[in-house]
Amino acid sequence: MEKNPKRKTDRTGHTGRPERAGKEGRKGRTAGKGTDKTRDTAYDRLKKALAAHEKALEKNPEDAAAWAGKAGVFLRHRMYRDSLKAIEKALEIKPEDPGYLYEKGFVLLQLDREEDALQVFDRLLEIKPDSDKAWNLKTSVLCRLKQHEKALEAIEKALAGNPKLAGAWHAKGSVLAGLDRYEEAIKAYDAALKLNPKLARALEGKAFALYSLNRPVEAMIAYDAALKINPDNAKTWAGKGLVHLKLGKSKRALEACSKAISIKPDSADAWYCKGVALSGLEKNEEALGALERALRINPDFADAKKARASVNSKLGLDLDEDEEEKMEEEKPKVKRSVWTRRKPTSEIMKKSPGQGREKKR
């Protein structure tokens, strides 16, 4: 698997209108009143989502919930700078609100402002030290900053204060996996699952740890359990595909990674898995295309480079000497954990306007 890819998503954060992606009506007019709602443009959807919050702010510019609602709308449209401005307005009115602080930290992560995000999560945890979500994202920030030991210390403090934080146990497992301490990671994931058996991300993390320990059958069981809870997770499908490869089942691997690609077309892991699976099925030209796709997504994906070299050899294609020397020097890179990703899991924020904040306990 790849290590620490910087996910390429729309991070424009520009103010103004998002791209008009909707279709026009038969007479060339943009879909509007009296037409099919599915033809609304992105701007139309944004405008409608903001309307209620704008109306509330016209009546009361000090309505913190309305500002937070605007922030949530902008966030779902990936207008991160606008989202940050709105949530900061909410915090001017209620500076100690844990939900608003959480949302600000999350948005700062989308803008790759890790140091600023860390300060926000530290403040949030002073106010609400038992917040699973805040500990999870603080761990994510520390891992992005390559401060794994500090991340582990932070999680230990969280669990010392409250050992029943399932999210903190999951975070501990992820950090331990990032340090190649897979046996310990499995114990942490098991602790999380004991508290919350439906925590799909803990099952996925456990599966990866088992895969890394060359225990593919157990890894498959864990991946399947995770997919029963969340069948639309591309990372889990890609992981399952890689387990099939380890078991020598190229056709099943191809099915799993194709499913991952259908969910997340820019998954380098899934394209890598597809390339190796196709090569195993002697479809080397298709395999080469899939591996090239993986490398366009993540040019530093060393395992994909090695697989591409193998396929090129099968096809009788020669690389230049410089490329071959570079390939020899590189070692396979293994994705350490979910926390090494540049962007945190977006599913955390998939909520209705104003609900990007965690609920107060």
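Procedures and definitions
Residues numbered from 1 in each chain as written. Predicted model: local features only at pLDDT ≥ 70, side-chain atom pairs only at ≥ 80, totals over all residues. Heavy atoms only, no water. Helix = DSSP H or I, 4+ residues; strand = E, 2+ residues; numbered from the N terminus. Buried < 20%, exposed > 50% of the residue type's maximum accessible area, 1.4 Å probe, protein only. Core = buried A, V, L, I, M, F, W, Y, C linked by side-chain atoms within 4.5 Å. Contact = heavy atoms within 4.5 Å. Axes fitted to C-alpha atoms, helices over the stretch in contact; angles between N-to-C directions. Parallel < 35°, antiparallel > 145°, perpendicular 65-115°, else oblique. Left-handed = near helix turned anticlockwise from the far one by under 90°. Nonpolar A, V, L, I, M, F, W, Y, C, P; charged D, E, K, R; others polar.

*Asks:* Explain the overall build of the chain to me, and be specific about the residues and the numbers.
*Replies:* Each helix and strand counted, the chain has 17 helices and zero strands in total. Every one of the 361 residues in the chain was classed for burial, and the buried ones make up 50%.

*Asks:* Let's hear about unusual backbone geometry: which residues, and what values?
*Replies:* Residue D180 is not a glycine yet carries a positive backbone phi of 65 degrees. Phi is positive for E282, which is not a glycine, with a value near 65 degrees. Inspection of the secondary structure assignment puts E282 in the loop between α14 (268–280) and α15 (284–297).

*Asks:* Account for the environment of G178, with residues named and values stated.
*Replies:* By the secondary structure assignment, G178 is in helix α8 (residues 166–178). Assessed through its relative accessible area of 12%, G178 is described here as buried. Sequence-wise, G178 and K146 are 32 residues apart; in three dimensions their C-alpha atoms are separated by 10.0 Å.

*Asks:* Describe the nonpolar core, with residues and values.
*Replies:* In this structure, I87, A90, Y100, F121, W135 and Y272 are the most contacted members of the largest nonpolar core, which totals 97 residues. Beyond its immediate stretch of four places on either side in the chain, W135 contacts L125, P129, A154, I155, A158 and L165. Within the second largest apolar cluster, five residues are counted, among which are L46, L50, V73 and M79.

*Asks:* So what's going on with the packing of helix α13 (residues 250–263) against α14? Which residues, and what values?
*Replies:* Closest axis-to-axis distance for the α13/α14 pair is 8 Å, and the angle between their directions is 155 degrees. Compared by their axis directions, α13 and α14 come out roughly antiparallel. Crossing handedness for the pair α13 and α14: left-handed. Within the contact between the two elements, α13 uses S250, A253, L254, C257, S258, A260 and I261 and α14 uses A270, W271, C273, K274, A277, L278 and G280. Tallied by class, the residues present in the contact of α13 with α14 amount to 10 nonpolar, three polar and one charged.

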